[in-house]
Amino acid sequence: MVPQTNAFGHNFRDYNNAESARQQGVENFYKTQHIHQTYDFVKKMRQEYANLDKAQMSIWECCELLNDVVDDSDPDLDEPQIQHLLQSAEAIRKDYPNQEWLHLTALIHDLGKILVLPKFGGLPQWAVVGDTFPVGCAFDESIIHHKYFKENQDFNNPIYNTKNGIYFEGCGLENVMMSWGHDDYMYMVAKENGTTLPSAGLFIIRYHSFYPLHKSGAYKHLMNEEDKENLKWLHIFNKYDLYSKRKVRVNVEEVKPYYMSLIGKYFPAKLRW
């Protein structure tokens, strides 16, 4: 995969940089992820978390919980996640001042990473972060470190290893099981708690780590018309999710009132997690 570069010449998503101190750890992460993310595992996780009975708290309380979370799958980012959320949200807010739902979506898109914390199951990182992909059909070769799927039990299963697998063309991504992680969990939390975010916001939350789709164009045969429209917003969002990473920190207290007002508009005061 060719790394992407921002305006300052900094490479992002460079998984082949031998000089990167994090590169080997990231590759080991994906090896474990690709072996264990099976259709049966995803089904089990979705059933386990469907009741949203781990905690009751506000969106902002969840944001603060991310202060101790570092994403082992990310070769670029080794700072607290709340800064990444605010950097993404503020960058979008600057360029799209009238799309408040998009600002809020950026703020909350990674909140599902709390799954690594003991209170929320203490899941291993390979079951929380990293690029996502469909299960129940063939693993596309565009998926990073694809070679490790050969050790996945679904790889040679004739039910799951064809292009469509258990799905059909145009079925809609809503009907496709994605590898389990923070994307699907946060989508579940937002939807089940009655958020008023538009469908594009929910689409971004659920598929922002689906790089095989929005960077390589894989799995488009499973999309329906609504997916195609929402993908346009995901392409916009992805630019800010990726290229807003930097070492200059956002002043949390300064921007908090704005985001608290958005949270109150689109979410209940307390959510089930």
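Per chain, residue numbering runs from 1 following the sequence as it is written. Note on the predicted model: pLDDT of at least 70 is required for a residue's local features to be given, and 80 or more for side-chain atom pairs to be given and counted; whole-chain, interface and lining totals, by contrast, use all residues. To obtain the side-chain values, all non-hydrogen atoms of the structure were used and water was disregarded.

The chain is annotated in an unreviewed UniProt entry as Inositol oxygenase from Nicotiana attenuata. UniProt positions are given in the numbering used here, feature names are shortened, and annotations may be inferred rather than shown by experiment. Here the chain is described in UniProt, under the heading Catalytic activity (unreviewed entry), as follows: "myo-inositol + O2 = D-glucuronate + H2O + H(+)". What UniProt states about the chain under its Subcellular location (unreviewed entry) heading is, verbatim, "Cytoplasm".

Draft legend 1. Looking closely at the confidence of the model for the chain. Each residue carries a pLDDT value, the predictor's own confidence for that position, ranging from 0 to 100. Residues of the chain with pLDDT of at least 70 account for 86%, and the chain-wide mean is 90. Only heavy atoms enter the contact rule, under which two residues are in contact if any of them lie within 4.5 Å. Scored below 50 in pLDDT, residues 1-13 shows 31 contacts in the model against residues more than four places distant or in partner chains.

Draft legend 2. Fine view of the packing of aromatic side chains. Each pair of aromatic rings taken from Phe, Tyr and Trp, with Trp reduced to its six-membered ring, is defined by centres within 6.5 Å and is described as stacked if the planes are under 30 degrees apart, edge-to-face if over 60, and tilted in the remaining cases. Evaluated as defined, the whole model comprises 15 aromatic pairs. Ring centres 4.0 Å apart and planes at 5° place the aromatic pair Phe139 and Phe149 in the stacked group. Remark: Phe149 occurs in the loop between helix H5 (100-108) and helix H6 (182-192) and Phe139 occurs in the loop between H5 and H6; sequence separation between them is 10 residues. We call a residue buried when its accessible area falls under 20% of the maximum for its residue type, exposed when it is over 50%, and partly exposed in between, using a 1.4 Å probe and counting protein chains only. Judged by relative accessible area, which is 0%, Phe149 ranks as buried. Between Phe203 and Tyr207 the ring centres are 4.7 Å apart and the planes differ by 55°, which places this aromatic pair in the tilted class. Of this pair, Phe203 and Tyr207 both sit in helix H7 (residues 199-207), 4 residues apart, which is roughly one turn of that helix. Overall, Tyr207 belongs to the buried group, its relative accessible area being 3%. A run of H or I in DSSP becomes a helix once it reaches four residues, and a run of E becomes a strand once it reaches two; helices and strands are each numbered from the N terminus.

Draft legend 3. Region of the structure containing the side chain of His84. Tracing the backbone shows His84 in helix H4 (residues 81-95). For this analysis, a polar contact is any N or O atom pair within 3.5 Å, provided that within protein one partner can donate a hydrogen and the other can accept it, and provided that sequence-adjacent residues contribute only side-chain to side-chain pairs. A polar contact is formed between the side chain of His84 and the side chain of His109, at a distance of 3.5 Å.

Draft legend 4. The arrangement of the pattern of salt bridges in detail. Within this document, salt bridges are pairs made up of a side-chain nitrogen of Lys or Arg and a carboxyl oxygen of Asp or Glu, the two lying within 4 Å of each other. Taken as a whole and judged by the stated rule, the model has 11 salt bridges. Put simply, Lys147 and Glu27 hold a salt bridge, and the shortest N to O gap is 3.6 Å. In this pair, Lys147 sits in the loop between H5 and H6 while Glu27 sits in helix H1 (residues 23-36), placing the two residues 120 residues apart along the sequence. Note that Lys232 is salt-bridged to Glu229, the shortest N-O span being 3.2 Å. Of this pair, Lys232 and Glu229 both sit in helix H9 (residues 225-243), 3 residues apart, which is roughly one turn of the helix. Overlapping salt bridges, with partners in common, bring together Arg46, Glu174, Asp184, Lys191 and Arg206 in one network.

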